[in-house]
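Overview (structure and organization)
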Amino acid sequence: MESESGKNEKKCCRKQKRAQHRLARDLNIICSESPTKYIVICNAGLVTGLSEDTLKQILNPLVTKYFIKMPLGKSYCFVEFLNETDAKTVYDHVHGSVKLLQEKHPLYMTFTTSVPQMEETCSKFLIPGLRVIENFLTEEQEEVLLKSIVWEEDDDVSSELKHRRVKHFGYKFCYDTNTVNIDDPITPIPQDYHFLQKLFNEAECGGHEFDQITINRYLPGQGIPPHIDTHSVFENTILSLSLGSSSVMDFKRGKEKISILLPARSLLIMSDESRYAWSHGICPRHNDTTQNENGTTVQKRGIRTSFTFRKVRRGDCQCNYHEYCNTNNTQETISELNAKGIENLYVHEVYEKISDHFDQTRHKPWPNVSAFLDTIKVGGLLLDVGCGNGKYLLGRPEIYKMGCDRSLGLAEICRKREFEVQISNCLSLPYRDNCFDAAISIAVIHHLSTEERRKRAIFEIIRILKYGGKCLIYVWAKEQIKDSMQSTYLKSNSKLETLNFQREKKELFGITLPIHENRTEFIHCDNLVPWKRKDGDKFLRFYHVFQSGELEKLCSTFSVDIEKSYYDQGNWCIILKKK
């Protein structure tokens, strides 16, 4: 058995190696195995909530002089000592043994050959059209507003926002599309809030009579995914009133990122460029890094309640920020004349070239698909339409499983594993009517380039089912952020900085399609999505990403019962029962 000290030593080594990789990547700083006068704390920094005061309480009993350097937005920090002796003294006493208050793990350290040159961070930022008015309300007015809200247990935690409570007035704000349904007004704005309109007018906040309010309650650790409120549905100015607790809001445009503190009782005003071209969001964390007269510090979040005010409008947007505007992001329609060419070149040929690499990246079944397969009765007959490498043909020997796929390469992989597969097109399945007990189609139909072809594929699946038979269909969702959480697809991008506005495009078969930037949000429904093989070769696959409700609408045209429709990690999913 390995001793406890041996386990701790291995853990220390892992932390040090990770720090070495991050420092080399982020700051081009090299770690040292022998003592130097520079130390990096590998697992604590401003992002983790470490403050200079806390660090000083650890260092002061050991040495007298040192310089702390805490990079913004990082989970590590540096200490520069007068000499190697002081640095080694701290290392020997702290590394792997000293814990921060309420932390489970100790601090891990390593020596470096240098420390970064820290630039002073300006506390005043300028984004055209953005203003923050501090102390916009008095403490008494803040208290009146907070007491006016009664959060009930059965309140709208929103089907879209399972992790925070929300109330809507005037119109319900839809978080999956960042819009409202202008033809479906709801409860009017309460009379108790009308005094705010007078304050807005006095502060010259856009000149609108705001008719939509969204009230959100954020517990410490909750945030908002980065987004731009849809252009055409709302007027230029949007206001956000912060109550109860402060929070830092991040604004992003391209590679630019600006973080702005929103104190309690402050009013944020977004108009013009800040409204139309910069995404805004709040990182989900318990602490914020802020600037004050004493320098950089860490500020704990409390319960924050925000009032967001919008003015609803109709018609196309007339802004000058076309690359970010939904009005100007309409797509050319793919017709049956060019559909086959697009699918042959950007689906079928691509899968033949990447089949081996695709197989290496597809092993673990998705839990909800496995749960559906578990509902098939003993002796049942299952068809996997677009079976790929056959990962869903494994297991459950008590049912009979068949697969079909358009790719010869993937079919060969399945046959080597002794699966029962056929090469076929999902638009014309080579099976009799009413013969399968169940069917699945996982991540297939989104490769079809017209609505008619997608509908035909669903028809074929229903056709081969017995009456009472069920099928499960998965397609990629346009909404990769839902329930205020990122999908696995977005989480895989550790450097996700901006919304994707599809600047790169490709002309083919008489139409132009955007080339999607991997691991970013979708703006268009029809995209060419890159696939990078291990050898570095890149290929483009066609995807039609489905919007909320689109899959249900397609399926409702057939003689089926929709037993369940749901969202699963960036996919829209539906279970159908043939009538």
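Just above sits the structure.
In this report, we go over the structure that sits alongside the text.

About the thresholds
- Residues numbered from 1 in each chain as written.
- Predicted model: local features only at pLDDT ≥ 70, side-chain atom pairs only at ≥ 80, totals over all residues.
- Heavy atoms only, no water.
- Helix = DSSP H or I, 4+ residues; strand = E, 2+ residues; numbered from the N terminus.
- Buried < 20%, exposed > 50% of the residue type's maximum accessible area, 1.4 Å probe, protein only.
- Contact = heavy atoms within 4.5 Å.
- Polar contact = N/O pair within 3.5 Å; in protein donor to acceptor, adjacent residues only side chain to side chain.
- Pairing = 2+ DSSP bridges.
- Axes fitted to C-alpha atoms, helices over the stretch in contact; angles between N-to-C directions.
- Core = buried A, V, L, I, M, F, W, Y, C linked by side-chain atoms within 4.5 Å.
- Phe/Tyr/Trp six-rings, centres within 6.5 Å; stacked < 30°, edge-to-face > 60°.
- Salt bridge = Lys/Arg side-chain N within 4 Å of Asp/Glu carboxyl O.

**Thoughts on unusual backbone geometry**
- Phi is positive for Asn135, which is not a glycine, with a value near 50°.
- Among the secondary structure elements, Asn135 is positioned in the loop between β6 (130-133) and α4 (139-148).
- We classify Asn135 as exposed; its relative accessible area is 54%.
- Its identity is not glycine, yet Ala443 carries a phi of approximately 60°, on the positive side.
- Summarising the element assignment, Ala443 is placed in the loop between β23 (436-442) and α10 (451-464).
- We classify Ala443 as partly exposed; its relative accessible area is 27%.

**Remarks on the environment of Lys466**
- Mapped onto the secondary structure, Lys466 falls in strand β24 (residues 465-476).
- Setting aside chain neighbours within four positions, we find Lys466 in contact with Asn434, Cys435, Phe436, Asp437 and Lys578.
- Side-chain polar atoms of Lys466 contact the side chain of Asp437, separated by 3.3 Å.

**Overview of the sheet that holds strand β12 (residues 238-243)**
- Read from one edge of the open sheet, six strands run β6-β15-β12-β19-β10-β7, paired in antiparallel fashion. Each of the sheet's edge strands pairs with one partner strand only, and the pair in question is β6 and β7 (165-169). Strand-to-strand twist across the sheet, computed as the mean angle between neighbouring axes with direction ignored, equals 15°.
- Looking at chain direction, β7 and strand β10 (residues 212-218) are connected through five bridges and run antiparallel. Its bridge partner being in β10, Val166 is matched across the sheet by Asn216.
- Packed onto the sheet, α4 meets β12 and β19 (304-310) and runs at close to 95° relative to β12.

**Some thoughts on the packing of helix α7 (residues 336-361) against helix α9 (residues 408-416)**
- Running from N to C, α7 and α9 point in directions that differ by 35°, and their axes come no closer than 7 Å. For the pair formed by α7 and α9, the contact residues are Tyr351, Glu352, Ser355, Asp356, Phe358 and Asp359 on the first element and Leu408, Gly409, Leu410 and Ile413 on the second.

**As for the nonpolar core**
- Counting 34 residues, the largest nonpolar core has Leu383, Tyr431, Phe436, Ile445, Ile458, Ile473 and Leu576 as the members making the most contacts within it.
- Taken together, the elements giving at least two residues each to this core come down to β20 (381-385), β21 (400-405), β23, α10, β24, α12 (550-555) and β32 (571-578).
- Not counting residues up to four positions away in its chain, the partners in contact with Leu576 are Ile458, Ile462, Gly469, Lys470, Cys471, Ile473, Cys555, Val560, Asp561 and Ile562.
- Counting 25 residues, the second largest nonpolar core, distinct from the first, contains Ala339, Val347, Leu528 and Val545.

**A few points about the packing of aromatic side chains**
- Taken as a whole, this structure holds 20 aromatic pairs when the rule is applied.
- Aromatic side chains Phe358 and Trp531 sit 5.9 Å apart centroid to centroid with 35° between the ring planes, which places their arrangement in the tilted category. Highlighted residues: Phe358 in helix α7 and Trp531 in strand β29 (residues 526-532), separated in sequence by 173 residues. Pair check on accessibility: Phe358 and Trp531 agree, each one buried.
- The structure contains a cluster of three or more aromatic residues connected by ring pairs, namely Phe136, Phe169, Tyr193, Phe200, Phe210, Phe307 and Phe309.

**Points about the pattern of salt bridges**
- As enumerated under the stated definition, the model contains 23 salt bridges in all.
- Between Arg253 and Glu273 there is a salt bridge, and its shortest N-O distance comes to 3.0 Å. Here Glu273 lies in helix α6 (residues 272-276) and Arg253 lies in strand β13 (residues 247-253), a separation of 20 residues in the sequence.
- Here Glu273 falls in the buried class, since its relative accessible area comes to 17%.
- Through salt bridges that share partners, Asp433, Arg456, Glu460 and Arg463 make up one connected network.

**A look at the environment of Ile342**
- Here Ile342 shows up in helix α7.
- As a C-alpha pair, Ile342 and Phe542 span 200 residues in sequence and 7.4 Å in three-dimensional space.
- Beyond its immediate stretch of four places on either side in the chain, Ile342 contacts Ile334, Val347, Leu508, Phe509, Ile511, Leu513 and Phe542.

Purely geometric numbers; function is a separate question.
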